[in-house]
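Now for the letters of each chain:
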Amino acid sequence: MPGIKLSEKTIGIIQQVCSDFRNEGSELINVLHQTQGKLGYLPAEVQEVIAKELNISVAKVYGVVTFYSFFTMIPMGEHPISICMGTACYVRGSEQVLAEFKRQLSIEVGQSTPDNKFSLNCLRCVGACGLAPVVMVGDRVYGRVSPQMVKNIISEYKEGCVSEAKSA
Amino acid sequence: MTTSYQLKRVDFIFKNENDWEDVLSKSISKPPQELINELISSELKGRGGAGFPTGLKWKLSSEAVDDTKYVICNADEGEPGTFKDREILSRVPFKVLTAMAVCGHVIGSKEGYIYLRGEYFFLQPELNKAISEFEYYCKEINLDFKIRIFMGSGAYICGEETALFESMEGKRGEPRNKPPYPSSYGYMGKPTVINNVETLAHTFTIFKYGAKRFYDLGVQYSRGSKLFSVSGDTPKPGIYELELGMSLADFVDEFGDGDTKAVQVGGASGFLVPRKRFNETAIGFQGKLTGISLPTGGSMMLFNSSRSMFNVIDNYLEFFREESCGQCTPCRVGCQQLLSGIKAVKRGEKNAQYLDKLMRLAETMQYTAKCGLGQSVANSFSSIVENFREEMIY
């Protein structure tokens, strides 16, 4: 398979995670969570190592990775932006908010900016429907977001200073 | 006609939990049969949406013979428009933990899991703190019961109980065939009780005050109170605990913005009720007393006249197409076809009669899909297309 070659160090990290979970196949999802937490994403090469360590097929690992929306095979930006497309957010205009993010960052959903600072994704309901429409940047939740607010949200992270008052 | 039940606010769920140690030690000193009888006579039904009698669930698992059994708290709250479980876990976690341990005592289980929705990762540290305090007390009273959190990974289907087991076992979250039911063959093939967060919190109320206090609330077939997550076009979005059996008209009076044209009851997998049906619709489980009665996980989404119902169903179908696990054909292909079908009608590529064909497809999915997801697509689809047909076309 063409692609990246993993360094010894990366392989070591993966092996460590697997052995933390006793190399048990039934812990696959926990292993994937931990690995993604450490490496940022789960490309095919990483999945191959995990499959070998847990003694299960690569197809099974790939099947699980692609099934769950939390796992990603492409690297995420430093500040992953997620726009909630749940119904409450949708009817309150999250589509326009998404369009504005796309326009401001010049990327599509599932892509990262060239400087790897931002990536853009949609998600389904963060359970904050009372604050619709909702946008998440990293772990931070922004409520009642309008297209006009998008520029400000992005610039908060561009300058590297996040004002506490803005979050919902 | 409506059998009018005034909207009654109730305050059980979020009421203080400081006496959990007391409730726990008293409950586990009682014989399991007594606790089961208490639950059965309270007529508590599952609060996740399906409404299976909780007492019966516990009874079946307690009768299963096995050395290893599990208690699982389903906190994979994924239905669009519900956010009650998150509130329960952050405000009164000890009620849920206590209920899990009591359930363990009843069915003979030493291990509990909380399947926490991936998006709720921020609850994890606090919840873990509560769990260690809880386990410390269990040790003090010689109760052998451990609780572990399992993080979900962002799949709506995993709220379905057997898909949830599959996911916990490290596999794709694809629902199993039923039977066998979880009470005999659940997580790891062992007898398992799986309850919604809110259901467990209600059992705490029942163990604390007795079944009667709970049973006295609500109406026939729909006893007790329930948390409602109110969102959409409303001046007061949020979570409210209300007595079951209320009429939707009363609900809209209280929460509407004066211009409510329809309410989606039960999230994407629920039903849309148009204004003309508010009076005859009650919120509760199936029962003759209240006319049309809708079961619900508690999501109440209000739409006013500025909203296009086409956009709503379009959004639901996109959601279902995305979240269908792909295992069975009716759901996998059906969702795609419904979505492209209504788009084609909207663009004028298909005539209005095509909607009837789509309705029949939805009905077929209801009969043939393997699990609740595929079966319930027809709920929202048919109720929206039937009541707002003109908005689908023009």
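All values reported here derive from a predicted model rather than from experimental measurement. (Residues numbered from 1 in each chain as written. Chains lettered and ligands numbered in written order. Predicted model: local features only at pLDDT ≥ 70, side-chain atom pairs only at ≥ 80, totals over all residues.)

Lay out the overall build of chain A with the relevant residues and their values.
Counting its secondary structure elements, chain A contains 7 helices and 4 strands. In chain A, the succession of α and β elements from N to C terminus is α-α-α-α-β-α-α-β-β-β-α. Along the longest, intermediate and shortest principal axes, the C-alpha atoms of chain A span 50 × 30 × 30 Å. Across the 168 residues in chain A, those meeting the buried criterion constitute 35%. (Helix = DSSP H or I, 4+ residues; strand = E, 2+ residues; numbered from the N terminus. Buried ≥ 20, exposed ≤ 12 C-beta atoms within 10 Å, placed from the backbone.)

I'd like a rundown of the interface of chain B and chain A, residues and numbers included.
Across the contact, 35 residues belong to chain B and 27 residues belong to chain A. Mapped onto the side of chain B that touches chain A, the elements with two or more residues apiece are strand S7 (225–232), strand S13 (299–304) and helix H11 (309–323) of chain B. If one sorts the elements of the side of chain B that touches chain A by residue count, H11 of chain B sits on top with 5 residues. Class assignment of the residues belonging to the side of chain B that touches chain A gives a composition of 14 nonpolar, 14 polar and 7 charged. (Contact = placed C-beta atoms within 7 Å. Nonpolar A, V, L, I, M, F, W, Y, C, P; charged D, E, K, R; others polar.)

Describe helix H2 (residues 32–42) of chain B, and please don't skip the residues or the numbers.
Residues and elements named next belong to chain B. Listed as buried for H2 are Leu 35, Ile 36, Glu 38, Leu 39 and Ser 42. Down the axis of H2, the sector holding all buried residues measures 155 degrees, keeping them to one side. Projecting away from the buried face of H2 at angles above 90 degrees are the exposed residues Gln 33 and Glu 34. Looking at the buried residues of H2, the elements they touch are helix H1 (20–28), helix H3 (54–63), helix H5 (93–107), helix H8 (197–209), helix H9 (211–215) and strand S6 (222–223). Just downstream of H2, Glu 43 is the residue with a positive phi angle, here 60 degrees. (Arc of directions from axis to C-beta.)

I'd like a description of the domain arrangement of chain B, backed by residues and values.
Residues and elements named next belong to chain B. Structurally, chain B comprises domain 1 (20–215) and domain 2 (309–393). Taking only C-alpha atoms, the centre of domain 1 and the centre of domain 2 are 33 Å apart. The interface is formed by 8 residues belonging to domain 1 together with 8 residues belonging to domain 2. A breakdown of the residues in the side of domain 1 that touches domain 2 according to their chemical character gives 5 nonpolar, 1 polar and 2 charged. (Domains from an automatic or database assignment.)

Explain the packing of H11 of chain B against helix H12 (residues 329–347) of chain B to me, using residue names and the numbers behind them.
All names here are of chain B. Direction vectors running N to C along H11 and H12 enclose 155 degrees, while the axes themselves pass 8 Å from each other. One element, H11, and the other, H12, form an angle in the roughly antiparallel class. Of the two possible hands of crossing, H11 and H12 adopt the one that is left-handed. Facing Phe 310, Ile 313, Asp 314, Leu 317, Glu 318, Phe 320 and Arg 321 of H11, the residues of H12 in contact are Cys 335, Gln 336, Leu 338, Leu 339, Ile 342 and Lys 346. Within the contact of H11 with H12, the residues separate by chemical class into 8 nonpolar, 1 polar and 4 charged. (Axes fitted to C-alpha atoms, helices over the stretch in contact; angles between N-to-C directions. Parallel < 35°, antiparallel > 145°, perpendicular 65-115°, else oblique. Left-handed = near helix turned anticlockwise from the far one by under 90°.)

Could you give an account of the pairing of strand S1 (residues 70–75) of chain B, with specific residues and numbers?
Residues and elements named next belong to chain B. Taking burial as the measure, the 6 residues of S1 include 6 buried ones, the bulk of the element. On S1, burial covers both faces: Tyr 70, Ile 72 and Asn 74 on one face and Val 71, Cys 73 and Ala 75 on the other are all buried. Where S1 and strand S2 (residues 111–116) come together, 6 bridges link them in parallel fashion. If you follow Tyr 70 over to S2, its bridge partner there is Glu 111. (Pairing = 2+ DSSP bridges.)

I'd like to hear about the sheet that holds S1 of chain B, residue by residue, with values.
Residues and elements named next belong to chain B. The sheet built from 4 strands is open, its strands ordered S3-S2-S1-S4 with parallel pairing. Two strands in the sheet have a free side with no partner beyond their single neighbour: strand S3 (146–151) and strand S4 (192–196). When strand polarity is set aside, the average angle formed by the axes of neighbouring strands in this sheet is 20 degrees. Sitting on the sheet, helix H7 (residues 161–168) is in contact with S1, S2, S3 and S4, with an inclination near 100 degrees to S2.

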